[in-house]
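This is what each chain is made of:
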Amino acid sequence: MNQVTPWESQGCKVCRRQWEAGERPRFIGESIPDRSELYRCDVCGTWWLMTERYAVAVAPDDVREVYGEYLDA
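Since the model is a prediction, treat every value here as computed from it, not as a measurement.

Some thoughts on the environment of Tyr-70
Relative to the assigned elements, Tyr-70 resides in helix α2 (residues 60–71). Note on Tyr-70: relative accessible area 27%, which makes it partly exposed. With 12 residues separating them in the primary sequence, Tyr-70 and Val-58 have C-alpha atoms 14 Å apart.

Here is the structure:
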């Protein structure tokens, strides 16, 4: 996961604003064992992984093991 990329460089203004406002990009799926949810911005196409602590933009390969079925759909 890309945790070192500054917040301002993740996704686009639209999806960052959604997170900041308590909204979220489009929900894709969840993993109960992983305690995470996958989202995708309809504007820029960024994949977002939300864990119990934070949301972070991710590359598909970073989450393929858990969310492969959603990435390939």
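The structure having been displayed, the exposition proceeds.
Here's the deal with the environment of Leu-71
Residue placement: Leu-71 occurs in helix α2. Note on Leu-71: relative accessible area 13%, which makes it buried. Put simply, Leu-71 and Val-43 are 28 residues apart on the chain and 17 Å apart in space, counted from C-alpha to C-alpha. Excluding residues that lie within four positions of it along the chain, Leu-71 makes contacts with Leu-38, Trp-47, Pro-60, Val-63 and Arg-64.

Observations concerning the pairing of strand β3 (residues 47–50)
Where burial is concerned, the two faces of β3 agree: the one with Trp-47 and Leu-49 and the one with Trp-48 and Met-50 are both buried. As judged from the 4 bridges shared by strand β2 (residues 36–40) and β3, these two strands associate in the antiparallel manner. Its bridge partner lying in β3, Tyr-39 is registered against Trp-48. Once β2 ends, the chain turns through 6 residues before running back antiparallel as β3, passing Gly-45 with a positive phi of about 85°. As paired elements, β3 and strand β4 (residues 55–58) share 4 bridges and run antiparallel to each other. Across the sheet, Leu-49 pairs through a bridge with Val-56, a residue of β4. Connecting β3 to the antiparallel partner β4 that follows it, the hairpin turn spans 4 residues.

Quick notes on the rules
Residues numbered from 1 in each chain as written. Predicted model: local features only at pLDDT ≥ 70, side-chain atom pairs only at ≥ 80, totals over all residues. Heavy atoms only, no water. Helix = DSSP H or I, 4+ residues; strand = E, 2+ residues; numbered from the N terminus. Buried < 20%, exposed > 50% of the residue type's maximum accessible area, 1.4 Å probe, protein only. Contact = heavy atoms within 4.5 Å. Pairing = 2+ DSSP bridges.

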